[in-house]
Amino acid sequence: MPFVPHTEKDIQEMLSVIGAPSVDALFDEIPEHLRCKKLDAIPSSAPEMEITRVMHERAAADGIALNFIGAGAYEHHIPAAVWEITTRGEFYSAYTPYQAEASQGTLQLLYEFQTMMCELTGMEISNASLYDGASSLAEALLMAVRSLGRKASGRVLLPRALHPYYRQVAANLTHAQGVTLHEVDFEAGTGLTTVAAAERAGVEAPTAVVISQPNFFGGLEDVDALTDWAHAQGALVIAVVNPTLLAVHRPPSEWGSKGADIVVGEGQPLGAPLSSGGPYFGFLCCSKQYVRQMPGRIVGRTLDLDGKPGYTLTLQAREQHIRRSKATSNICTNQGLLVTAATIYMSLLGPEGLSRVANASMANTRKLRDALTALPGVTAALSAPFFHETVLTLDRKVAPVLERLSDEGIVGGLDISGMYPELGNALLVCATETRTDADIARYKQALGEVLARAKAA
Amino acid sequence: MSTEPLIFQNSRDGRGAKAQWPAATDGNALPDSLVRKQPPRLPQTGELQTVRHYTRLSQKNFSIDTHFYPLGSCTMKYNPRACNTLAMLPGFLMRHPLAPVSRSQGVLACLHELQDMLRHVTGMHAVSLTPMAGAQGEFTGVAMIRAYHKARGDEGRTEIIVPDAAHGTNPATATMLGFDVREIPTREDGDVDFEALKEALGPQTAGIMLTNPSTLGVFERRIKEIADLVHEAGGLLYYDGANLNAILGKTRPGDMGFDVIHMNLHKTFSTPHGGGGPGAGAVGVSERLAPFMPIPVVGQADDGSYRWLDEQDLPQSIGRLSTFMGNAGVLLRAYVYARLLGREGMERVAEFATLNANYLMARMKEKGFDLAFDGRRASHEFIVTLKRQKQELTLTASDVAKRLLDYGFHAPTVYFPLLVPECLLIEPTETEDRESLDAFVEAMASIWEEAKTDIEHVKGAPWDLPVRRLDETRAARQLDVRYDFNGEAAA
């Protein structure tokens, strides 16, 4: 039987110590009518050899396509050392570091992670991660409401140019606590969120204003103007940022005259594989004055009995296992293993490596745009400067074109015409540093053929 | 063990793992006003030095792979290596979450089969895999209860009942969904106080959150009557699946009358705890809650192909709770584990987890330790109380926990549940052999003996770890949560 080491002799001797006649007798407190029958609907045990074959077949079933989708999850090169070390049993099979003395490895690593995130965002405090980008935004909204206390209206302004799934998740996770979300339209032509549009939303005394840098279209917002405007309304500024971009982009702490108050984002670009959407991790940083309203684990450096430095979870009085119904959040787990990967990733890339990744991704996306918009029927949808994603407009429906490209082994971007009908036949594309000139040429050729074939037909 | 410097202390300008850098491009394409002036002070270290640093850090951890880890309520059992290896095949890792479903049939097949297996083993009507951890599974469950009452126009149900022994996440979750929390007491023998429950139930009751076996390590014998009572009052029952390992294949929450459950796949289905995540908190629902499940759910068409079900398919859904599809890579690990076990293996999980717990409990009693619920069967875990040792020797649960580390055992859960004084909640799991359990009993007995002769030595523990006992008060008062580059430079 899998993973149970007991011999028949062990079982008999253990039962005799317990004083029970059989293993089944150990369940005699479960009423007879609740005992379940055989689990016939579940397949019989598969030996490792058999399931290995099944999984290899399924992993290979769909082939590995040449990917041009970003939309919140980005295909970056991940150094081999990242997951070699991350999946060492000492990291992989450890629990949350409640027993600090037996968890110094994880705790020191988390302290290093917190430092790195503070460096990228410019903020004073980072927690040890949350579930993912979208749920981190929800936690930030609740944190803003708690931070303003009785003054909080619960009204939050967020751009329509923010990732649609982030908007949905934020609404679903916060609405029961009196948070109301109000969308700010983006400007036609640029796709950017302007102060004028924020004013037009007509929301009085907002608790928080969310700024997405870049926005869902890849566009780079005027973060200074938006930050200053939000602060003038008495709102907290919540920045949703791409961590790779921050290697080269002014950190949120320096936006406007006072800087952002809370910074969140998706950590996936820092060493987590695409993996169908998870596990990833969310990060959340803030200025020091809000630390007691922060959700999630925080690691602090302290001293041991001999005066030697060591690391421990701290400020646990915020958390559910102490505060129960009055906790800052119900969250217990963070995404420890992903943070392990991210910390090793950031160490290996360093400031130079990460800024090269950001710049190469920007350069490749420009090459991609230029290559594809050279085809008849393809135009750039928006004029704003962009990071490593941008929107193209096709002269016909996007979905059938993507299907044809998929047949050629190319995942050609995300059809966002349903999410944003005002953009027409809009296709969101991304080329990170992993896309080569040859990849881009292959995409261009395939798209050209698809468009020409359809026209001919 | 020597102190490992922070990686920032090893950093030198101009160093780096250069094999990992892409070619430099011409400048920065950002508008000037957005360009960063000072680069972030990320480490600048060579690849070997980085690998060595993190390998050394790993060696400062206790883990299941290196130590017996009887942490109650956490189910620290073996995480089979095959689950990791097979979930990390390139075809799975390289799949973008928004890739077309025609290019996702392999992964969707695994997830669909996992939904089915979880549905059958829990006796529920349907399963959604999206919640990213147990606490988010709880949120999902209570959100569905809320949506259910609302859809019926039953607006006055503002209260969630929670036993006082419950995990802290239960009341915290109810609060996040805008409910008032009503706590009810637990009886001497560990069961819910039936009379108190009757009194608490009423037209304001939205539901009750229960763990069974409870956090006290005993099976709630009157569960069916409780379910009937709650249903009669118009409330729904939420099952906290933290302790599902104890009953897998023996009894099913669906048959007990629960309307919604969450499963900690990182416990019962052996996906890694990873130093505190990622988890996965799949939810199962009864028929009446099925329309409210979070999206996306994996569906199968008549032609056998798979696709994501979204708002169009589930218009009453409580919606999306994660950016994409929850922790898909964790779900693949759970799938492999479930297939390795098969139906026979699933039944044996509960059998051997229970055999190990009852054996360990009997051995502890033999050695003279006091059980919190003597006379009850242990489920997969049980509670020892050191109330007597504290009175006689000033020996606390925390002292024992720290001293156990010197003996090479991870400590059990201490000071939870809150209502048992000086408690150790001990969960050995089914994957430990008898020798590990015996060695743990000997260590516990030895620590008790030490306390009689040299209590200060015990209170000074741990002695043999990378650090000695840490000053947690100082950590909270003199908050130091990131490296001070300037402080270092000044020094």
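All values reported here derive from a predicted model rather than from experimental measurement.

**Focus: the overall build of chain B**
Assigned secondary structure in chain B consists of 16 helices and 13 strands. Relative to its length of 491 residues, chain B is compact, with a C-alpha radius of gyration of 25 Å against a globular reference of 23 Å. Counting only C-alpha atoms, chain B reaches 70 × 70 × 45 Å along its principal axes. Across the 491 residues that make up chain B, the buried fraction comes to 67%. The long-range share in chain B, meaning contacts at least 24 apart out of those at least 6 apart in sequence, stands at 72%. As displayed, chain B has an accessible area near 16,200 Å², and 47% of this comes from carbon and sulfur atoms. Between the averaged position of the 52 positive side-chain charges in chain B and that of its 62 negative side-chain charges there is a distance of 4 Å.

**Some thoughts on empty space enclosed by the protein**
Here the structure, examined in full by the defined rule, presents 11 cavities of 30 Å³ or more. A volume near 230 Å³ is recorded for the largest cavity. Around the largest cavity, the lining is made up of 19 residues, and of these Gly72, Tyr74, Tyr166, Pro214 and Val240 of chain A lie nearest the centre. For the lining of the largest cavity, the secondary structure elements donating two or more residues are β5 (208-213), β6 (236-241) and β7 (262-266) of chain A. The class makeup of the residues in the lining of the largest cavity is 10 nonpolar, seven polar and two charged. Looking at the lining of the largest cavity, you find at least three residues from each of domain 1 (66-75 + 352-456) and domain 2 (80-344) of chain A. Approximately 170 Å³ is the volume attributed to the second largest cavity. The wall of the second largest cavity is formed by 17 residues, among which Gly63 of chain A together with Met94, Arg95, His96 and Arg103 of chain B lie closest to the centre. Elements that contribute at least two residues to the lining of the second largest cavity include exactly α2 (48-61) of chain A together with α3 (90-93) of chain B.

**What about the pattern of salt bridges?**
One pass over the structure, following the stated rule, counts 56 salt bridges over all chains. In this structure, Asp28 of chain A and Arg377 of chain B form a salt bridge, with 3.1 Å as the shortest nitrogen-oxygen distance. Of this pair, Asp28 of chain A sits in the loop between α1 (8-18) and α2 while Arg377 of chain B is found in the loop between β10 (370-371) and β11 (382-385), placing the two residues in two different chains. Given a relative accessible area of 47%, Asp28 of chain A falls into the partly exposed group. Where salt bridges share partners, they join Lys9 and Glu13 of chain A together with Arg363, Glu366, Lys367, Arg434, Asp438 and Glu442 of chain B into one cluster.

**A few points about helix α5 (residues 134-151) of chain B**
Residue and element names in this part refer to chain B. For α5, with 18 residues, the first-to-last C-alpha span of 25 Å sits near the 26 Å given by 1.5 Å per residue. Burial within α5 is extensive, with 15 of its 18 residues counted as buried. One or two residues past the end of α5 sits Gly153, with phi positive at roughly 70°.

**A word on the domain arrangement of chain A**
Residue and element names in this part refer to chain A. According to the domain assignment, chain A consists of domain 1 (66-75 + 352-456) and domain 2 (80-344). At the boundary of domain 1 with domain 2, total buried surface from both sides reaches about 2,200 Å², with 69% on carbon and sulfur atoms. Ranking the residues of domain 1 by area buried against domain 2 places Leu354, Phe387 and Tyr420 at the top, with a combined share of 27%. At the boundary of domain 1 with domain 2, the tally comes to one salt bridge. Note that Glu422 is salt-bridged to Arg160, the shortest N-O span being 2.9 Å. Of all the secondary-structure elements, those providing two or more residues to the side of domain 1 that touches domain 2 are α11 (336-373) and β12 (389-394). With six residues, α11 is the single largest residue contributor to the side of domain 1 that touches domain 2.

**A closer look at the packing of aromatic side chains**
All chains considered together, the criterion is met by 23 aromatic pairs over all chains. Geometrically, the ring pair formed by Phe113 of chain A and Phe281 of chain A is edge-to-face, given 5.7 Å between the ring centres and 75° between the ring planes. Residue Phe113 of chain A is located in helix α5 (residues 104-121), and its partner Phe281 of chain A is located in the loop between β7 and β8 (282-286); the two are separated by 168 residues in the primary sequence. Of the two residues, Phe113 of chain A and Phe281 of chain A, both sit in the buried class. An angle of 80° between the planes, with centres 6.5 Å apart, marks the rings of Tyr165 of chain A and Phe324 of chain B as edge-to-face. With Tyr165 of chain A in helix α7 (residues 164-174) and Phe324 of chain B in the loop between β9 (306-309) and α10 (328-366), this residue pair bridges two chains. An identical accessibility class is assigned to Tyr165 of chain A and Phe324 of chain B; each is buried. Connected via pairs of aromatic rings, a cluster forms that spans Phe3 of chain A together with Tyr78, Phe269 and Tyr337 of chain B. Taking the ring centre of Phe68 of chain A as reference, the NZ or CZ of Arg435 of chain A above it sits at 5.9 Å. Directly above the aromatic system of Tyr165 of chain A lies the positively charged group of Arg320 of chain B, at a separation of 3.6 Å from the ring centroid.

What counts, and at which threshold
- Residues numbered from 1 in each chain as written.
- Chains lettered and ligands numbered in written order.
- Predicted model: local features only at pLDDT ≥ 70, side-chain atom pairs only at ≥ 80, totals over all residues.
- Heavy atoms only, no water.
- Helix = DSSP H or I, 4+ residues; strand = E, 2+ residues; numbered from the N terminus.
- Rg over C-alpha atoms; globule rule 2.2 N^0.38 Å.
- Buried < 20%, exposed > 50% of the residue type's maximum accessible area, 1.4 Å probe, protein only.
- Contact = heavy atoms within 4.5 Å.
- Areas by Shrake-Rupley, 256 points an atom, 1.4 Å probe, with all protein chains shown as cover.
- Lys, Arg positive; Asp, Glu negative; His and termini not counted.
- Charge placed at Lys NZ, Arg CZ, Asp CG, Glu CD.
- 1 Å grid on protein atoms, 1.4 Å probe; cavity = no way out; pocket = protein on both sides within 12 Å on 5 of 7 lines; lining within 4 Å.
- Points joined across faces, edges and corners; volume = space filled by probe spheres on them.
- Nonpolar A, V, L, I, M, F, W, Y, C, P; charged D, E, K, R; others polar.
- Domains from an automatic or database assignment.
- Salt bridge = Lys/Arg side-chain N within 4 Å of Asp/Glu carboxyl O.
- Expected span 1.5 Å × (residues − 1).
- Buried area = accessible area lost by both parts, 1.4 Å probe.
- Phe/Tyr/Trp six-rings, centres within 6.5 Å; stacked < 30°, edge-to-face > 60°.
- Lys NZ or Arg CZ within 6 Å of the ring centre and 35° of its normal.

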